[in-house]
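What follows is each chain in one-letter form.
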Amino acid sequence: MKSLSFNDLSGKVCVITGGAGVLGSAMVNAIASVGAKIAIADINKEVADKVASEIAKESGTEVIGIEANVLEKASLEKAKEEINSRLGDIDILINGAGGNSPQATTKVETMTEENMDNLEDTFYGLEMEGFDKVFALNFKGTLLPTMVFTRDMLKNKKGVVLNVSSMNAYKPLTKIPAYSAAKASINNFTEWLAVHLAKVGIRVNAIAPGFFITHQNRFLVMDEKTGNYSARGQKIVDNTPMGKFGEPEDLQGATLFLISDVSKFITGIVIPVDGGYSAFGGV
Ligand code: NAD
């Protein structure tokens, strides 16, 4: 009997946008551990290079940092050329770049009779510039890299795309409407593209991480002064049946599963990795 493994990933070329980030680098670690070659395509070349050289050293596999802006097609095309010449044809794309920003965050959770006179703290005070930036980073920042980095997969009639969604795609959290809408669009796009590409050998799936403390949300879930959870951070833990935030390593199993041939009949799905958050009705 053939035993199952992730051996099919050995020698494959994987590009991960935002791979220098907290969750992205945990995914890079997992993919390097099974012998795939990895290009960390990130706007922050310095950190990308640092993460790449550390993981390359530890794993003994080829990991390189590449400068790329997921919002600029020309930058992605330049990155692709470099990846092709240094690592070969691209087999796997992980769209990891994304995040929220204080500029697209309302100050209050909901409007009440007490705060409704301070419109700038509510939905009505959101600046379009901040809103557009967050929406674009999370949606267009997945669309454009997919257009550019899946060309070799088309040629080879085989490949995998893994998008990164969020719990906000299912039920939006208060305060962050641009991020929530953009992540909902990621779930929708994952299904759309999975159908569009199913007959040419390219699978498209997503993971939806629950709550992990990282740069983009620390200001919302931690109380800077005390170092304890903020009221919002505590609410998240209370609504996570496992009673804690996730560790970046918790994403590794679902990532390897979805990018490897082990899941070769799976396309168009989103796997929550959330300690039970999405299953819980709050009571
Ligand atoms: P992070 O901020 O640590 O990493 C994001 C990375 O993306 C950084 O390395 C950054 O330099 C890069 N980046 C930003 N803009 C870019 C651009 N225009 N082009 C290329 N690279 C760019 O964030 P993270 O928490 O590791 O999040 C990774 C993904 O997981 C994001 O899509 C995020 O929305 C999603 N997510 C995070 C959580 C969480 O709890 N942290 C939960 C659900 C989903």
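Residues numbered from 1 in each chain as written. Predicted model: local features only at pLDDT ≥ 70, side-chain atom pairs only at ≥ 80, totals over all residues. Heavy atoms only, no water.

**So, the overall build of the protein chain**
What counts is decided by this rule: Counting from the N terminus, the helices are the DSSP runs of H or I reaching at least four residues and the strands are the DSSP runs of E reaching at least two. Restricting the calculation to C-alpha atoms gives the radius of gyration, and the globule rule supplies 2.2 Å times the number of residues raised to the power 0.38. Each residue gets one of three labels from its accessible area relative to the maximum for its type: buried under 20%, exposed over 50%, partly exposed in between, using a 1.4 Å probe on protein chains only. We call two residues in contact when some of their heavy atoms are within 4.5 Å. Charge counting treats Lys and Arg as positive and Asp and Glu as negative, with His and both chain ends excluded. Here the site of a charge means NZ on Lys, CZ on Arg, CG on Asp, or CD on Glu.
Scanning the protein chain from terminus to terminus reveals 10 helices and seven strands. Scaling as 2.2 N^0.38, a compact globule of 283 residues should have a C-alpha radius of gyration of about 19 Å, and the protein chain matches this with 19 Å. Taken along its principal axes, the extent of the C-alpha atoms in the protein chain is 60 × 45 × 40 Å. Put simply, the protein chain has 283 residues, and 49% of those count as buried. For the protein chain, restricting intrachain contacts to residue pairs at least 6 apart in sequence, the fraction spanning at least 24 positions comes to 74%. Looking at charge distribution, the protein chain has the averaged site of its 28 positive side-chain charges lying 8 Å from that of its 33 negative ones.

**Side note on the packing of aromatic side chains**
Cut-off, in case you're wondering: Each Phe, Tyr or Trp ring, with Trp reduced to its six-membered ring, pairs with another whose centre is within 6.5 Å; inter-plane angles below 30 degrees give stacked pairs, above 60 give edge-to-face pairs, and intermediate values give tilted ones.
Counting across every chain of the model gives five aromatic pairs. Taking 5.1 Å as the distance between ring centres and 70° as the angle between the ring planes, the aromatic pair formed by Phe123 and Tyr124 counts as edge-to-face. For Phe123, a relative accessible area of 56% gives the class exposed. Assessed through its relative accessible area of 55%, Tyr124 is described here as exposed. Relative to Phe245, the ring of Tyr229 has its centre 5.3 Å away and its plane inclined at 45°; by these criteria the two rings are tilted. Placement of Tyr229 in the loop between α8 (218-221) and α9 (231-238) and of Phe245 in the loop between α9 and α10 (252-259) is noted, with a sequence separation of 16 residues between them. Given a relative accessible area of 8%, Phe245 falls into the buried group. An aromatic cluster is defined as three or more aromatic residues linked by ring pairs; in this entry it consists of Phe135, Phe139 and Phe189.

**Topic: the packing of helix α4 (residues 128-138) against helix α5 (residues 140-149)**
What counts, and what does not: Only the contacting stretch of a helix is used when fitting its axis, a line to C-alpha atoms as for every element, and angles between N-to-C directions run 0 to 180 degrees. Throughout, the ten residues Ala, Val, Leu, Ile, Met, Phe, Trp, Tyr, Cys and Pro are labelled nonpolar, Asp, Glu, Lys and Arg are labelled charged, and all others, Gly among them, are labelled polar.
Direction vectors running N to C along α4 and α5 enclose 35°, while the axes themselves pass 3 Å from each other. Between α4 and α5, the contacting residues are Phe135, Ala136, Leu137 and Asn138 on the first element and Lys140, Gly141 and Thr142 on the second. Residues of the contact of α4 with α5, tallied by class, amount to three nonpolar, three polar and one charged.

**Description of the domain arrangement of the protein chain**
Selection criterion: As annotated, the domain borders come from an automatic or database domain assignment. Buried area, as used here, totals the accessible surface that two parts lose on assembly, with accessibility defined by a 1.4 Å probe and the loss added over both. Salt bridges, as used here, are contacts in which a Lys or Arg side-chain nitrogen is within 4 Å of a carboxyl oxygen on Asp or Glu. Each polar contact in these results corresponds to two N or O atoms within 3.5 Å; when the atoms are within protein, one needs to be able to donate a hydrogen and the other to accept it, and residues that are neighboring in sequence are counted only if both atoms are side-chain atoms.
Each assigned domain of the protein chain is listed here: domain 1 (7-102 + 135-210 + 248-271) and domain 2 (214-245). Listed by partner, the interface residues are 11 residues for domain 1 and six residues for domain 2. Summed over both partners, the interface of domain 1 with domain 2 comes to about 690 Å²; 61% of that surface belongs to carbon and sulfur atoms. When residues of domain 1 are sorted by the area they lose upon contact with domain 2, Val22, Asn100 and Lys175 head the list and together hold 47% of the total. Our enumeration of links across domain 1 and domain 2 arrives at zero salt bridges. Here domain 1 is connected to domain 2 by one residue pair in polar contact (both at pLDDT 80 or more). The residue inventory of the side of domain 1 that touches domain 2, partitioned by class, reads six nonpolar, four polar and one charged.

**Quick notes on the site of the ligand**
To keep things clear, this is the line we draw: Residues are labelled near a given molecule or strand when at least one of their non-hydrogen atoms is within 4 Å of it. Note on areas: these come from Shrake-Rupley sampling with a 1.4 Å probe, and a residue is covered only by the protein chains present in the view.
Taken together, 30 residues are adjacent to the ligand, and Leu23, Asp42, Tyr179, Phe212 and Thr214 come closest. Here a nitrogen atom of the ligand and a side-chain polar atom of Asn69 are 2.9 Å apart. In isolation the ligand exposes 840 Å². Once the protein is present, 89% of that is buried. Elements represented by at least two residues in the shell around the ligand include exactly α1 (22-33), α4 and α7 (177-197). Here the shell around the ligand is composed, by residue class, of 13 nonpolar, 15 polar and two charged. Split by domain, the shell around the ligand shows at least three residues from each of two domains, domain 1 (7-102 + 135-210 + 248-271) and domain 2 (214-245).

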